[in-house]
Amino acid sequence: MNRRQFFTHSGVGLLGAGLISRAAAAALPEAASADSAATQIPVAPPNGRPFHPVITLNGWSLPWRMKNSVKEFHLIAEPVVREIAPGMVAHLWGYNGQSPGPTIEVVEGDRVRVFVTNKLPEPTTIHWHGQILPNGMDGVGGLTQPQIPPGKTYVYEFIARHAGTYMYHPHADEMVQMAMGMMGFWVTHPKDPNTMRVDRDFVFLTNAYDIEPGAYTPKVNTMLDFNLWTWNSRAFPGIDPLVCRLGDKVRIRMGNLTMTNHPIHLHGHRFVVAGTDGGWIAPAARWPEVTVDIAVGQMRAIEFTADNPGDWAFHCHKAHHTMNAMGHQVPTMIGVDQQKVAEKISRLIPGYMTMGSTGMSEMSQMQMPLPPNTLPMMTGEGPYGPIEMGGMFSVVKVRRDQKPGDYSDPGWYQQPPGTQAYEWLGELQPAPRAAAGRARPGDMEMRVKRNGHAH
Amino acid sequence: MLTATRTLLALSLPLAFAGCAQLQPDAGLGQVQQEMQTRLPAAALPALAWDKGSATAEQRRAQVQALLDEPLTADTAVRIALLNNGELQARFAELGLADADRVIASRLPNPALILARQVQGASVEIDRSFLFDLLSLFTLPARRDIATRRYQESQLATAAAVMALATETRKAWYDAVAAAQTSRYLTQVKEAADAAAELARNMANVGNMSRRDALQEQAFYAEAAAQREEAQAAETAARERLIRLMGLWGQQTAFQLPERLPDLPRHPEQRSEVEAIAMRDRLDVLMAKREIEGLAKSLGLTRATRYVNVLEVGYLNNSFNDQPRQTGAEVGLLLPLFDWGEARNARAEALYLQALARTRDLASRARSQAREAYVRYRTAYDLAEAYRKVIVPLRKQIGEENLLRYNGMLISVFELLSDSRAQILSVNAAIQAQRDYWKADADLQNALAGASPRFDALSLARPAQSASSH
Ligand SMILES: [Cu+2]
């Protein structure tokens, strides 16, 4: 995206303000486009009502133009190439050059006009999930409007009535288009920018893809067995950290457009669930959590004070969702003697190495050649060794000396002396330890009295 | 009245006859040798010899042993078979018989002196007669011609037998080498299954695999082991067949075969004129031609009105006065047609036309066989090349990709091993395609310059089954 260029153009657009000619109204606002997956820090709104912009993780917010007091946006539905993490790109469908599309930020009461140009090979629509709007603007293909044919532009126009957290996605060939990455975030800011003001307001959508190792395009027909669990179409270590200044009031807004729920867990802090896509929760009704489960099609806004310095893991608590592509059918090799058989196999398959006899940790320690365009199942290098993660994993970095408004990565946290786990160097008592992999049913005599039926 | 006649003496008197034929040295194998020189590579063609004494037998044994000391090539295998095959020796003896018949037929039968005593009642009469077969004197040239023709045909038949044995031996050599290769590859398949089974056992022992799944791997292994046994039996069978064709026994059977089949030539033989070559070179066609010529001669047909392409004989009545038909390519077998004239020649005409019809049948079959053999040859080449250049490299690439997936813990070692089995089997299929190419090559040479595959000059043991199990 070239924001400066956009604003120059929108300035030109403003020259026409006041003219209510059809020709002028028909002129489309420029559709800005992003060509990278870097987090772009938005600037304060140049016009319209003031608001504090959100930070879209590995994303950006869409510039608009004001036309006769209407905020005009232009979304282009199109095929995109999205970097999931360094080392892997996906052939997706998205908006304005990326998947997910840009975040749309408006203010409560704004009249919003969104031009949607369809550059996909099939019809599409956009549904404004959670918004209270006229039925004909709801974007359900066939039900509330005809689908937007390829090559055509449709206009959605409505008033953003309620401040809150929303998302947008197609409601035409919906399963396919969402499996291909079509979605975006929407934030309606309160009229008074000081209402529920926070210092940092992060947003992202969870999404999931099934991309065969070595391939680029998601298998759109997969229902549950996805192999890439992403935030804003990024997987660890591709997800930017959520950087905070000590004492900041922090909000994280998340929406779930995958096919399963995600219990999102934050280390080192207690947060409250402050809002859903149905609205803000009355302060007295908010409840404390360290994990918030986001069901399919739901959104959650959590709030906390970043009062604990450090590098705090922030991730989906489904362990398989913090892995990249993996073989779910691969059998467990823990405790299996592979040494002798390894010789036989190596004779037949040069380059073969045994794996998994002691667990899968070695996966992140050894740099083995993988299929092209494939992320290691678990990866990431921290200050003390491999992080052994993937997928829906990032780090909330709380630093005392982080400048207000500075989102740049401060590096790894240095624990103050005496505040880190350490090795016991004193006398070791032999610990009784079960021999690994010896227990077999039948080895042990079971003396269990059964009363009635087993549970 | 009782008459008793008793022959007292029948004496055949050898009668020198001027200009009588002589037996050919070595039954005339020299002619056969000459025919074969254009049909077999020099390395495959020994000096053909009819074993008539222990001296030649000893010489032959030494020759064979010298060839057996080196790893056997297809050519040396053929050479040994042509030196040593017993059936071929029997065929040579048949040629000797034909030669002897020719010599006998070119001699007048000896006059005979017969003394007979006739008893009639009390009277006894001694009858002396001196018999001389005058008729044979008149028919001598005809009989001599027939026997000479038979002898010449027998030479061609012997050449066809040599060609058939060379073809069979060559094919048996390809089978034997390929079967040994297959046997080695199936040993590797067995090893892959063995590794999987052992791993499964280890996994079941520590509780990481169900008994059912472990048994599955054991079953794969047992099957792979059985298939290897089968391949070894097939290897033995193929080798034994080659041994039989080469007429070997005892210590001789310990010969060495090369590790692998020869590579395919860079380009397949391009032959657009296979049918013409078959008409020109095939031994069975040459035999038929000679028979027709002889028949014409013996029927006293001399005034050929014109020559016809035997393949068009069926059209003769309709197109008698037409211009000769054009058959497109210059493929044909030209044979004379005669002016039958009088009705008294009806018998000769019928005989001659019958022979023409048979020849026509043979010629059209020969052409068809040549075409088919060439198509089979080309197809076999393309198939073998597809295996070598496309299928096996693809399998190899898939294997490499699978290893990458294994590295990423995306697939299990069992998938890796089963893929390696698939890879080995594709290499094995490639070897079989290579073998089939070489066999098709041998068949093509025989279809072009030998005789019909049905030509059974030798009762060669057919292979019970090709060694293509995997
Ligand atoms: Cu999850």
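Note that this is a predicted model, so its numbers are computed, not measured.

Conventions we followed
- Residues numbered from 1 in each chain as written.
- Chains lettered and ligands numbered in written order.
- Predicted model: local features only at pLDDT ≥ 70, side-chain atom pairs only at ≥ 80, totals over all residues.
- Heavy atoms only, no water.
- Helix = DSSP H or I, 4+ residues; strand = E, 2+ residues; numbered from the N terminus.
- Buried < 20%, exposed > 50% of the residue type's maximum accessible area, 1.4 Å probe, protein only.
- Contact = heavy atoms within 4.5 Å.
- Areas by Shrake-Rupley, 256 points an atom, 1.4 Å probe, with all protein chains shown as cover.
- Pairing = 2+ DSSP bridges.
- Axes fitted to C-alpha atoms, helices over the stretch in contact; angles between N-to-C directions.
- Expected span 1.5 Å × (residues − 1).
- Arc of directions from axis to C-beta.
- Buried area = accessible area lost by both parts, 1.4 Å probe.
- Salt bridge = Lys/Arg side-chain N within 4 Å of Asp/Glu carboxyl O.
- Polar contact = N/O pair within 3.5 Å; in protein donor to acceptor, adjacent residues only side chain to side chain.
- Nonpolar A, V, L, I, M, F, W, Y, C, P; charged D, E, K, R; others polar.
- Core = buried A, V, L, I, M, F, W, Y, C linked by side-chain atoms within 4.5 Å.
- Donors = N, O, S within 2.8 Å, 3.2 Å for Na, K, Ca; no water.
- pLDDT = per-residue confidence, 0-100.
- Patch = residues over 30% accessible without salt bridge, like charges linked within 9 Å, V, L, I, M, F, W, Y side chains within 5 Å.
- Parallel < 35°, antiparallel > 145°, perpendicular 65-115°, else oblique.
- Phe/Tyr/Trp six-rings, centres within 6.5 Å; stacked < 30°, edge-to-face > 60°.
- Disulfide = S-S within 2.5 Å.

**Q** What is the right way to read the overall build of chain B from this model?
**A** Scanning chain B from N- to C-terminus turns up 10 helices and five strands. Each of the 470 residues in chain B was classed as buried or not, and the buried ones make up 45%. A separation threshold of at least 6 residues defines the contact pool for chain B, and within that pool the share at least 24 residues apart is 82%. Surface exposure of chain B reaches about 24,600 Å², of which carbon and sulfur atoms provide 52%.

**Q** Sorry if this is basic, but what is going on with the sheet that holds strand β5 (residues 104–107) of chain A here?
**A** Across a sheet, strands are paired by hydrogen bonds formed along the backbone, either parallel or antiparallel in direction. Residues and elements named next belong to chain A. Strand order in the open sheet formed by four strands is β5-β10-β9-β7, with mixed pairing between adjacent strands. One side of each edge strand has no neighbouring strand; the edge strands of this open sheet are β5 and β7 (127–129). When strand polarity is set aside, the average angle formed by the axes of neighbouring strands in this sheet is 25°. Across five bridges, strand β9 (residues 164–169) lies against strand β10 (residues 184–189) in antiparallel orientation. The partner of Y168 across the bridge, within β10, is G184.

**Q** Even after reading the chapter, I still don't get helix α2 (residues 54–68) of chain B, so can you show me in this structure?
**A** Every α-helix carries 3.6 residues per turn, so stepping three or four residues along brings you back to the same face. Residues and elements named next belong to chain B. Between its terminal C-alpha atoms α2 stretches 21 Å, which fits the 21 Å expected from 15 residues at 1.5 Å a residue. Listing the buried residues of α2 in full gives A57, R60, V64, L67 and L68. Angular distribution of buried residues about the axis of α2 spans 95°; they occupy a single face of the element. When the buried face of α2 is taken as reference, the exposed residues oriented beyond 90 degrees from it are A55 and Q59. Considering only its buried residues, α2 is in contact with α3 (74–84).

**Q** I keep staring at the interface of chain A and chain B and nothing clicks. Help me out?
**A** Counting residues at the interface gives 39 residues for chain A, matched by 30 residues for chain B. With both sides pooled, the region where chain A packs onto chain B buries about 2,900 Å², and carbon together with sulfur makes up 67% of that total. Linking chain A to chain B there are three salt bridges. Taking the shortest distance from any N to any O, the salt bridge between D194 of chain B and K344 of chain A comes out at 2.8 Å. Across the contact surface, chain A and chain B share 11 residue pairs in polar contact (both at pLDDT 80 or more). Within the residue set of the side of chain A that touches chain B, elements represented by two or more residues are α4 (339–348) and α5 (362–365) of chain A. Among the elements that line the side of chain A that touches chain B, the one with the most residues is α4 of chain A, at five residues. Split into classes, the residues belonging to the side of chain A that touches chain B amount to 24 nonpolar, nine polar and six charged.

**Q** I keep staring at the nonpolar core and nothing clicks. Help me out?
**A** For soluble globular proteins, the rule of thumb is that nonpolar side chains tend to be buried together. Residues L72, W173 and L242 of chain B are the most contacted members of the largest nonpolar core, which totals 78 residues. With 17 residues, the single largest contributor to this core is helix α5 (residues 134–205) of chain B. Excluding residues that lie within four positions of it along the chain, L242 of chain B makes contacts with L72, A77, T169, A172, W173, A176, F255 and L257 of chain B. One finds I349 of chain A together with V189, A224 and A231 of chain B within the second-largest nonpolar core, a separate group that totals 39 residues.

**Q** Where do I start with the pattern of salt bridges in this structure?
**A** Pairing between side chains becomes possible if they bear opposite charge and their charged atoms approach one another. Residue and element names in this part refer to chain A. All told, the structure shown has 43 salt bridges over all chains when counted by the stated rule. D201 serves as the salt-bridge partner of R251, at 3.1 Å between the closest nitrogen and oxygen. In this pair, R251 is assigned in strand β14 (residues 249–256) and D201 in strand β11 (residues 200–209), connecting sequence segments 50 residues apart. Comparing R251 with D201, the two get one shared label, buried. Of the charged contacts, one joins R251 and E303 as a salt bridge, the two residues approaching to 2.8 Å between their closest N and O atoms. One end of the pair, R251, is in strand β14; the other, E303, is in strand β20 (residues 299–305), with 52 residues separating them in the sequence. No difference in accessibility class separates R251 from E303, as the two residues are buried. Sharing partners across several salt bridges, the network here consists of R65, E72, R111, R113 and E157.

**Q** Would you mind showing me how to read the pairing of strand β16 (residues 271–276) of chain A here?
**A** Each regular strand carries side chains that alternate between the two faces of the sheet. Residues and elements named next belong to chain A. When β16 meets strand β18 (residues 288–289), the two strands line up antiparallel, connected through two bridges. In the strand pairing of β18, F271 is matched with E289. Two strands pair when backbone bridges link them, and β16 and strand β17 (residues 279–280) are joined in this way by two bridges, in the antiparallel orientation. The residue of β17 that forms the bridge with G275 is W280. Counting the residues in the hairpin turn of β16 and β17 gives two residues.

**Q** Help me out: how do you make sense of the coordination of the copper ion in this one?
**A** Residue and element names in this part refer to chain A. At 2.0 Å from the copper ion lie its protein donor atoms, namely H262 (ND1), C316 (SG) and H321 (ND1). Along the chain, the residues donating to the copper ion fall in the pattern H-x53-C-x4-H. With H262 in strand β15 (residues 262–266) and C316 in strand β21 (residues 310–316), this pair connects stretches of sequence that are 54 residues apart. On the accessibility criterion, H262 (1% relative accessible area) is buried. Among the residues examined, C316 registers a relative accessible area of 1% and is labelled buried.

**Q** How do you make sense of the side chain of T165 of chain A when you look at a structure like this?
**A** Residues and elements named next belong to chain A. Within the element layout of this structure, T165 appears in strand β9. A distance of 2.9 Å separates a polar atom in the side chain of T165 from a polar atom in the side chain of R253. With residues near it in sequence (within four places) discarded, T165 still touches F185, W186, R253, T276, D277, W280 and M299.

**Q** What should I look at first to understand the sheet that holds strand β19 (residues 291–294) of chain A in this one?
**A** All names here are of chain A. One open sheet accounts for five strands, arranged β13-β24-β21-β15-β19; its pairing is mixed. Each having just a single partner strand, β13 (242–245) and β19 make up the two edges of the open sheet. Looking at each pair of strands side by side, their axes are set apart by 20° on average, direction ignored. Taken together, the three bridges between β15 and β21 define a ladder with antiparallel strand orientation.

**Q** Please clarify how the confidence of the model for chain B should be interpreted in this entry.
**A** All names here are of chain B. Chain-level statistics for chain B give a pLDDT mean of 82 and a share of 76% at 70 or above. Low pLDDT, under 50, characterises residues 13–19; the predicted model gives this stretch nine contacts beyond four residues in sequence or across chains. Scored below 50 in pLDDT, residues 456–470 makes 36 contacts in the model with residues more than four places away or belonging to other chains.

**Q** Would you mind showing me how to read a nonpolar patch on the surface here?
**A** Residue and element names in this part refer to chain A. Together, M223, L224 and M259 line one region of the surface with nonpolar side chains, adding up to about 320 Å² of accessible area. Take L224: it is sitting in the loop between β11 and β12 (228–231). Look at L224 and you get exposed, because its relative accessible area is 52%.

**Q** Explain the packing of helix α8 (residues 283–298) of chain B against helix α9 (residues 346–407) of chain B here, please?
**A** The description of two packed helices rests on the angle between their axes and on the distance between the axes. Residues and elements named next belong to chain B. α9 packs onto α8 with a crossing angle of 170° between their chain directions and a minimal axis gap of 10 Å. Taken together, the axes of α8 and α9 lie roughly antiparallel to each other. Side by side, α8 and α9 meet where D284, V285, A288, I292, L295 and A296 of the first sit next to L351, Y352, A355, L356, T359, L362 and A366 of the second. Of the residues in the contact of α8 with α9, the class split is 11 nonpolar, one polar and one charged.

**Q** Help me out: how do you make sense of the packing of aromatic side chains in this one?
**A** Geometrically, a pair of aromatic rings is defined through the distance of the ring centres and the angle of the planes. Residue and element names in this part refer to chain A. Summed over all chains, the structure comprises 21 aromatic pairs over all chains. Centre to centre, the rings of W128 and Y156 are 5.4 Å apart; their planes meet at 75°, and the pair counts as edge-to-face. Linking W128 in strand β7 with Y156 in strand β8 (residues 153–159), this pair joins segments that are 28 residues apart in sequence. The exposure classification of W128 matches that of Y156, with both residues buried. Measuring from centroid to centroid gives 6.2 Å for F204 and F314, while their planes differ by 80°, and the two rings are edge-to-face. A residue pair is termed long-range when its members are at least 10 positions apart, and F204 in strand β11 and F314 in strand β21 qualify at 110 residues.

**Q** Which parts of the structure should I look at to understand the state of the cysteines?
**A** The term disulfide refers to a covalent linkage connecting the sulfur atoms of a pair of cysteines. Residue and element names in this part refer to chain A. Across all of its chains, the model carries zero disulfides over all chains by this definition. Not part of a disulfide, C244 finds its nearest cysteine sulfur in C316, a span of 20 Å. On the basis of relative accessible area, C244 is assigned to the buried category, the value being 0%.

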